Amino acid sequence: MDSSLVEGGLNVTLTIRLLMHGKEVGSIIGKKGESVKKMREESGARINISEGNCPERIITLAGPTTSIFKAFSMIIEKLEEDISTSMTNSTATSKPPVTMRLVVPASQCGSLIGKGGCKIKEIRESAGAQVQVAGDMLPNSTERAITVAGTPQSIIECVKQICVVMLESPPKGVTIPYRPKPSGSPVIFAGGQAYAVQGQHAIPQPDLTKLHQLAMQQSPFPIAHSNQGFQGRWAVEKRKCDCSRFAIIHSFIHSFIQHSHGILCHSTAGMDASAQTGSHELTIPNDLIGCIIGRQGAKINEIRQMSGAQIKIANPVEGSTDRQVTITGSHASISLAEYLINAR
């Protein structure tokens, strides 16, 4: 974003990302795309909508300030129109406010909240809108959602003030954007195998099967019992370690099912997903790399062993505050390795 400001308001090129439910997006697109086409033509803003088949979608508005807020106003008006229409046959006595969710880099949220919450309080009071900054980052990203609710005019004023703060405090480090995942099918485990239920068919899921088998290998039961000296103490410590690994991998499987259905549900019967290798890169701050490597490389070697992925940490670059980490292996191995690294 261009950070220049002029008297009377913003005079910049902006990019605003909105997070919306599929039904809301459908209304904005309109029949045969007529509504969104009209918004583009009348506002002059670039309006991009992320791919469908997701419970949530991202709408990106880009362009000069006047164009952005013209498009933004048209979107809000459409949402308010939908609320009014839904109230026609409703028994509710009060009309709910229009609600918008912005997606912003987490590194900018501190400036937006301000010391002791003073900035966010100032924005609420001056704009007359409700503003809530999410405490957690959106899945698989370094972004957070900001929920703004109120009248159309109060929301527009609120978002303008949010944009001013973001322009004055640019994001720090690399931003990993939030990408909503496609909705998926239920997953079941039977006979040691994972299957995605699609209609009346159960489609084998090699990636999840591999993770399930890995979790069973790390299961803390059974463990040989011993009550004597060092061997007994070692068995207790080993049990703690195995329980921890078991919990971590099962937690990952839950997360993997939640956020990766779009990938998993495209698998076909007989496909050996473990044979399909790829690579993924992460950027880790220098002051955190030691936690991942561990003493004499113990932690990183454990992650390699548990995930089955190859992990290479690049040498430090003079003047850089980050290190590049390259993970190579199957989709399941890469995902588990990344999960274990983030869990450190």
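Below or above, wherever it landed, is the structure these notes cover. Numbering of residues begins from 1 in every chain and follows the order in which that chain's sequence is written. For a predicted model such as this one, the threshold for reporting local features is a pLDDT of at least 70, and the threshold for listing and counting side-chain atom pairs is 80 or more; totals across whole chains, interfaces and linings nevertheless cover every residue. Each side-chain value is derived from all of the structure's non-hydrogen atoms; neither hydrogens nor water enter the calculation.

Helix numbers and strand numbers start at the N terminus; a helix is a DSSP run of H or I with at least 4 residues, a strand a run of E with at least 2. Scanning the protein from terminus to terminus reveals 12 helices and 14 strands. Under the scheme applied here, a residue whose accessible area is under 20% of the maximum for its type counts as buried, over 50% as exposed, and between as partly exposed, the area being computed with a 1.4 Å probe on protein chains only. Looking at the 344 residues of the protein, the share that counts as buried comes to 41%. In this description, contact between two residues means that some pair of their heavy atoms is separated by no more than 4.5 Å. Of the contacts made within the protein by residues no fewer than 6 positions apart, 67% connect residues no fewer than 24 positions apart. Note on areas: Shrake-Rupley, 1.4 Å probe, and residue coverage restricted to the protein chains presented here. When the accessible surface of the protein is summed, it comes to about 19,300 Å², and 51% of that surface belongs to carbon and sulfur atoms.

This part is about the nonpolar core. By nonpolar core we mean a set of buried residues, namely Ala, Val, Leu, Ile, Met, Phe, Trp, Tyr and Cys, connected to one another through side-chain atoms within 4.5 Å. L18, I59, F72, I75 and I162 are the most contacted members of the largest nonpolar core, which has 46 residues in total. Here L18 is in contact with R57, I58, I59, L61, F72, I75, M100, R101 and L102, once residues within four sequence places are set aside. Counting residues in hydrophobic clusters, the runner-up holds 17 residues, among them I289, I292, A309 and L336.

Relative to the helices and strands, L19 is located in strand β3 (residues 13-21). Residue L19 is classed as buried on the basis of its relative accessible area, which comes to 2%. It is 9.9 Å that separates the C-alpha atoms of L19 and R179, two residues lying 160 residues apart in sequence. Ignoring anything within four residues of it in the chain, the contact list for L19 reads E56, R57, I58, R101, V103, L138, Y178 and P180.

So, on to the sheet that holds strand β13 (residues 310-313). DSSP bridges decide pairing: two strands pair if at least two such bridges lie between them. Ordered by their spatial adjacency, three strands build an open sheet running β12-β14-β13, and the pairing between neighbours is antiparallel. Since the sheet does not close on itself, it has two edges, and those belong to β12 (277-285) and β13, each with one partner. Strand after strand, the sheet turns through a mean of 20 degrees between neighbouring axes, direction not considered. Across nine bridges, the pairing between β12 and strand β14 (residues 322-330) is antiparallel. Bridge pairing in β14 places G278 opposite G329. Throughout, an axis means a line fitted to C-alpha atoms (over the contacting stretch in the case of helices), and angles, computed between N-to-C directions, take values from 0 to 180 degrees. Against the sheet, helix α12 (residues 331-342) engages β12, β13 and β14, with an angle of about 145 degrees to β14.

Below, the discussion takes up α12. Counted at 1.5 Å a residue, the expected span for α12 with its 12 residues is 16 Å, and the 17 Å between its end C-alpha atoms agrees. Along α12, the positions that sit buried rather than exposed are A332, S333, I334, S335, L336, A337, L340 and I341. By this rule, a helix spans an expected 1.5 Å times one less than how many residues it contains.

Just distances and angles here, no functional claims.
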